[in-house]
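# Residue-level structural notes
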Amino acid sequence: MKILGIETSCDETSAAVVEDGKKILSNVIASQVEIHNPFGGIVPELACRAHVKNLLPVVQEALDQAAIDLTDVEGIAVTAGPGLAGALLMGLTFAKSLAYSLSVPFTGVDHLEAHLMSAFLEHPEIPFPFLGLVVSGGHTNLYFVRGVGEYELLGKTLDDAAGEAFDKGAKAMGLRYPGGPLIDKLSQTGNRKAFRFPRGLSNQEGYHFSFSGLKTALNQCVSRFPQADLQPALPDIAASFQESIVEALTLKLWRAWEAFFAEAVVVAGGVACNRRLREEVSRGAMERNIAVFFPSPSLCSDNAAMIAALGYHSLVRGERSPLSLNPYATMVHKIHAPS
Ligand code: KG4
Ligand code: ZN
């Protein structure tokens, strides 16, 4: 069954064709980075306009790369939320209209659930239960996953998301948007012990995260440097800043592992591209003798393949979304603790 996936929750317009929930025939992503870069963050109105402009060519490109026609599409899956309301509406309206005109089934997919399950595209062998860390520009959530559709939210960020912390940190350092990949790169040549930044909530019980204190500490650190001295210090600052985020994440991840019986750890979302995070989670998993899975970078960042793959499983179960489906901006649907 060939599913067309559509994703427009944030600043990427993506369309993909995935066969039987696992074979990626195409996964086209049109980035809007250049549009938002001058503003140092995403401008929702500009994101909406860009989605409208990109949707048709991106979908056509996804069909071309998959070497299929619209008439070969057997179902449509689209991100329904969470995300920017206007941006979601663009993809959702497009997907509903297309499904109606093609007379094919259609389903709205939860973006966070899609990130959480995205590693299955490349690793169908992931055992349950597992601990799933979804780290992106909008979310930092730690789940205990007992099975498909059985997600217990153990912890989340109380303020900024991990990706947001990277992006705001990069802005404070005078780097471009999105800053996560740039900090990752700069850190390669820096000393991660050069500065000591706070590890949010590390002294508190539980599995929540906080990155706002880190942001303040970084701003103070950067402002202490005369302009001419800042540039050479950036790799050390970036590496130390990155280390603080990675340690805050892994501390709670391993704390959760001690409390819950988990067979594996899955890290997904844009921040899962981070090399130091991958290194540290892999090292911790090896020490504890558990399996660890990361999607490939193209499946970590926002993409429609993960939407099509998850949507397939709903559609084969006979689940359909009504054409009256509305987008939802905040984390509500589907991702829940089992009753
Ligand atoms: O999942 P994603 O593409 O979009 C959202 O759903 O938010 O994640 C984007 C976020 C951005 O904040 C970006 O800076 C961050 O992921 N990111 C990284 C890296 N690559 C992307 N953060 C740290 N290191 C990276 N290598
Ligand atoms: Zn995302």
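Within any chain, residue numbers begin from 1 and follow the written order of that chain's sequence. The order in which chains are written sets their letters, starting at A; the order in which ligands are written sets their numbers, starting at 1. For a predicted model such as this one, the threshold for reporting local features is a pLDDT of at least 70, and the threshold for listing and counting side-chain atom pairs is 80 or more; totals across whole chains, interfaces and linings nevertheless cover every residue. In computing side-chain properties, one takes all heavy atoms of the structure into account and sets aside hydrogens as well as water.

What follows concerns the domain arrangement of the protein. Assigned domains within the protein: domain 1 (2-116 + 299-316) and domain 2 (128-294). It only takes one pair of heavy atoms within 4.5 Å for two residues to be counted as in contact. With 16 residues of domain 1 in contact, the opposing surface of domain 2 contributes 20 residues. Take the accessible area each of two parts loses on contact, using a 1.4 Å probe, and add the two losses: that sum is the buried area. It is Leu112, Leu116 and Cys300 that lose the most area in domain 1 upon contact with domain 2, and together they represent 44% of the buried surface on that side. Salt bridges are defined by distance alone: a side-chain nitrogen of Lys or Arg within 4 Å of a carboxyl oxygen of Asp or Glu. Here domain 1 is connected to domain 2 by 1 salt bridge. Note that Arg176 and Glu34 form a salt bridge whose closest N and O atoms lie 3.1 Å from each other. Elements supplying a minimum of two residues to the side of domain 1 that touches domain 2: α1 (33-36) and α4 (111-117). Per-element tally for the side of domain 1 that touches domain 2: the top contributor is α4, with 4 residues. An automatic or database domain assignment provides the domain bounds reported here. Helix numbers and strand numbers start at the N terminus; a helix is a DSSP run of H or I with at least 4 residues, a strand a run of E with at least 2.

Let us look at the environment of Ser31. Among the structural elements, Ser31 can be located in strand β3 (residues 23-31). The buried label applies to any residue whose accessible area, calculated with a 1.4 Å probe on protein chains only, is under 20% of its type's maximum; exposed applies above 50%, and partly exposed to all values in between. On the accessibility criterion, Ser31 (45% relative accessible area) is partly exposed. Separated by 23 residues in sequence, Ser31 and Asn54 have C-alpha atoms that sit 9.6 Å apart. Setting aside its immediate chain neighbours within four residues, Ser31 contacts Asp11 and Glu12. A polar contact of 3.1 Å, which involves the side chain of Ser31, links it to the backbone nitrogen of Val33. Here a polar contact is taken to be a pair of N or O atoms separated by no more than 3.5 Å, where protein atoms must pair a possible hydrogen donor with a possible acceptor and residues adjacent in sequence count only if both atoms sit in side chains.

It is worth spelling out the site of ligand 1 at this point. In this text, near means that some heavy atom of the residue lies within 4 Å of the molecule or strand in question. Taken together, 20 residues lie around ligand 1, and Gly137, Asp167, Asp184, Gly270 and Asp302 are the ones closest in. At 3.1 Å from an oxygen atom of ligand 1 is found a main-chain nitrogen or oxygen belonging to Gly163. A distance of 3.2 Å separates an oxygen atom of ligand 1 from a polar backbone atom of Gly180. About the coverage of ligand 1: the protein hides 89% of its 560 Å² of free accessible area. Contributions of two or more residues to the shell around ligand 1 are made by α4, α5 (162-172) and α6 (179-187). Each residue is assigned to one class: nonpolar for Ala, Val, Leu, Ile, Met, Phe, Trp, Tyr, Cys and Pro, charged for Asp, Glu, Lys and Arg, and polar for all the others, Gly among them. For the shell around ligand 1, the per-class residue count stands at 6 nonpolar, 11 polar and 3 charged. Residues from two domains meet in the shell around ligand 1; each of domain 1 (2-116 + 299-316) and domain 2 (128-294) gives at least three. Areas reported here follow the Shrake-Rupley algorithm with a probe of radius 1.4 Å; residue values treat only the protein chains shown as occluding.

Taken in spatial order, the 5 strands make up an open sheet running β3-β2-β1-β4-β5, and their pairing is mixed. Each of the sheet's edge strands pairs with one partner strand only, and the pair in question is β3 and β5 (106-110). Here the strands of the sheet are splayed against their neighbours by 20° on average, with no regard to which way each runs. Bridge count for strand β2 (residues 12-19) against β3 is 8 bridges, and the pairing is antiparallel. Note that in β3 the partner of Thr13 across the bridge is Ala30. Angular values range over 0 to 180 degrees, each being the angle between N-to-C directions of two axes fitted as lines to C-alpha atoms, with helices fitted over their stretch in contact. Along the sheet face, helix α3 (residues 85-102) touches β1 (2-7), β4 (75-81) and β5 and points at about 155° away from the line of β4. Packing against the sheet, helix α11 (residues 305-316) makes contact with β1, β2, β3, β4 and β5, and its axis sits at approximately 120° to β5. Strand pairing is assigned whenever DSSP detects at least two bridges linking the two strands.

So, about the packing of aromatic side chains. Whether two aromatic rings pair depends on their centres lying within 6.5 Å, for rings of Phe, Tyr and Trp, where Trp uses its six-membered ring; planes under 30 degrees apart make the pair stacked, over 60 edge-to-face, and the rest tilted. What the rule picks out here adds up to 9 aromatic pairs. Relative to Phe130, the ring of Phe120 has its centre 6.0 Å away and its plane inclined at 50°; by these criteria the two rings are tilted. Linking Phe120 in the loop between α4 and β6 (130-135) with Phe130 in strand β6, this pair joins segments that are 10 residues apart in sequence. A centroid spacing of 6.2 Å and a plane angle of 65° characterise the contact between Tyr207 and Phe260, whose relative ring orientation is edge-to-face. Here Phe260 lies in the loop between α8 (227-259) and β9 (264-268) and Tyr207 lies in the loop between α6 and α7 (212-223), a separation of 53 residues in the sequence. Following the ring pairs from residue to residue traces out a cluster consisting of Phe166, Phe195, Phe197, Phe225 and Phe241. It is Lys252 that lies over the ring of Phe209; its NZ or CZ is 6.0 Å from the centre. Each ring is checked for a lysine NZ or an arginine CZ that lies within 6 Å of its centre and within 35 degrees of its normal; such an atom marks a charge sitting over the ring.

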